[in-house]
Amino acid sequence: MQKLIEANLYRSELIPVSGKLVERYNKCLIKLGFTPTKLKTFLIDGIGWSPEIAEEKEDLHYLNNGEANPHGILITPLQKGKPVYLPFHTFDRDMMKYIFSVHGNRIKDITRDCAICIDFDQNIDVFYEPLDVLKYNTVNIHFHLINNLDKIKEEQLELVETFKRDHNFIDETLHQKLLDSANKYGDLRERDLDLHELQFTTDSFYTRAFGGVYVLRDFISPIVIFEDEKWHKEAIKDTNYEVLIYHIHQKELLVKLRDHVIIEYNLENAVNTSRYQRIKKYEMSLHLKKTQHPIKDILSDPILYKSYLNKLDIDARKKVMSVERYLEKLETSNQYKIGDIVDPKLFEALHKPHSSLEARHQDLIWKLLVNVSPKDVLYWYWYDKEDFYNSFENWDNSLKEWVIETISNNI
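A brief report on the enclosed structure follows.

## A look at the sheet that holds strand β9 (residues 223-226)
What the 4 strands build is an open sheet, ordered β7-β8-β9-β10; its pairing is mixed. If you trace the sheet from one side to the other, it starts and ends with β7 (205-207) and β10 (244-247), each paired once. Taken over all neighbouring pairs, the strand axes of this sheet differ in orientation by 15° on average, direction set aside. Both strand β8 (residues 213-216) and β9 contribute to a ladder of 4 bridges, which runs antiparallel. Bridge pairing links Y214 to I225 in β9. Each of β8, β9 and β10 touches helix α8 (residues 251-259); the most contacted strand, β10, lies at about 135° to it.

This is how it looks when you write it as C-alpha cells:
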C-alpha cells in the first residue's frame, strides 16, 4: 500500500484531525450512540468517516446504527468537496454535495466552535428481508449540533427579549445569566444556526447492505442484483415484489441488462481502445510465472510483450488473444459464436453502460460491470477502491508499478 500512498493514489485527500476537533468528534460519536475514540489524531473524509477509527473499532461501518441507519459527522468546512472514501450507498457523495450546496455557509459558521451530527433517515428503522432495500425512496437528512448550540441561541434570544421588557434591564440576576451564557458560548444572536431538514430522493443505487445490492429501477422493469449468494437465495423466495432478481455472477444477468438497454458491447470498436489494452495486459499478467524480466517491462515493452505472449502455453495464449481470434474468424465466416472463442470474463469486461444512459446512471453501471469482471485496473480503481486495494496488496511488486503508472497516466 505504501506504493499507492507515495503515488497519491491511496486516500490522499483525507483531513487531519487533532486537538479540540477530536473532542468535538467524540461528542458526535456519543450523541449518535457510539463509543468515543481513544485516538488523539486521525484522518476523516467528506462524510466524517475515519480509516484509523474504523481500524480501532474493527468495524468499517462504525458510523452506522445497523445497515438501515447511516450517519455522518461534520467538524470542519474543509470537508466540503472532499471524497467519501467508503460510501455505504452510491448516492452518499451526492447527498454530501447537496448538503453543502444548501447549508455550506451555515456549516462554515457552525464548525468554528461546534460539530454537526448528520442522521440519514430513510424511514426504515431496521432491515428484516433483503428486498427491504426497495423501500429506499426519500432520505430525510436531519442535523444535530453537539451541546445543542441552536437551542442555547434560542435561550439567549429569550433572555435578551426579557431584558428589554419593562424594567428588567436593572435585574442583576438577568445580567448574570446573559454574561454567563455569552462567556460560555459566545454571542449567538447573529449566528445562523438553522440547519433545517433536507430531503434527498433516490433512484437507482448500490448499497452495502445485505452483502452488497444493486437496485436498478429507472429502466424497463426493476432489477435487483445481489453480490452475496445467501441473500440472493433469500430474496428469490420473496413474492411480495414484482422485480427481477439476479446474482451478480449469473450468466443471464448481462443478457437481461442488454435487453433492457442498460449495457452494450462492440468488440470491433473495443479492440482499438486503450481500455482494451489495459484489460488484455492485466489478463496477460495473470499468466506470467517466474519471468526473467519485471512484469512492468513486459507489459510496457511491445517486443517483450510479444516474446512472453509466445511463451505462454496454448490455452493461456488463446485466452489472452481470444477477442482478436474471434474477430479474425468472423471475417471468414459468420458461423462462429462469441461464447465459443472469447473468454467469458474478458467478454464481460468489454461491456460498457449503454450510450443513452444519463451520466449518474453510467457511473452506477460502470461500478456494476467492474464488480462483474474486474479486469480494467483503471476503472477498478475508480469504481471500487476498497476491492482494488485488497487485490493490490497481493500483486507482484512489478505489476503494482505498472498499475500505478497506468492509473497515474490517466487521472
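## Re the layout of surface pockets
Here the largest pocket defines a volume of roughly 1100 Å³. Around the largest pocket sit 42 residues that line it, and P87, T90, R93, D363 and W382 are the ones nearest its centre. Every element with two or more residues in the lining of the largest pocket is listed here: α4 (92-110), β6 (198-201), β7, α17 (359-372), α18 (377-383) and α19 (385-392). A per-class count over the lining of the largest pocket returns 17 nonpolar, 11 polar and 14 charged. One number sums up the size of the second largest pocket: a volume of about 350 Å³. Lining the second largest pocket are 16 residues, and of these K251, L254, P344, F347 and E348 sit closest to its centre. Sorting the residues of the lining of the second largest pocket by element identifies α8, α15 (338-341) and α16 (344-349) as the ones contributing at least two each. No other element matches the 5 residues that α8 contributes to the lining of the second largest pocket.

## Description of the pairing of strand β5 (residues 138-145)
Direction of pairing for strand β4 (residues 116-121) relative to β5: antiparallel, over a ladder of 6 bridges. Of the residues in β5, the one forming a bridge with F120 is I141.

## Topic: the environment of A316
Along the chain, A316 falls in helix α13 (residues 314-320). A relative accessible area of 6% places A316 in the buried class. Distance from A316 to E283, taken between C-alpha atoms, is 9.5 Å for residues 33 residues apart in sequence.

Conventions adopted
Residues numbered from 1 in each chain as written. Predicted model: local features only at pLDDT ≥ 70, side-chain atom pairs only at ≥ 80, totals over all residues. Heavy atoms only, no water. Pairing = 2+ DSSP bridges. Helix = DSSP H or I, 4+ residues; strand = E, 2+ residues; numbered from the N terminus. Axes fitted to C-alpha atoms, helices over the stretch in contact; angles between N-to-C directions. Contact = heavy atoms within 4.5 Å. 1 Å grid on protein atoms, 1.4 Å probe; cavity = no way out; pocket = protein on both sides within 12 Å on 5 of 7 lines; lining within 4 Å. Points joined across faces, edges and corners; volume = space filled by probe spheres on them. Nonpolar A, V, L, I, M, F, W, Y, C, P; charged D, E, K, R; others polar. Buried < 20%, exposed > 50% of the residue type's maximum accessible area, 1.4 Å probe, protein only.

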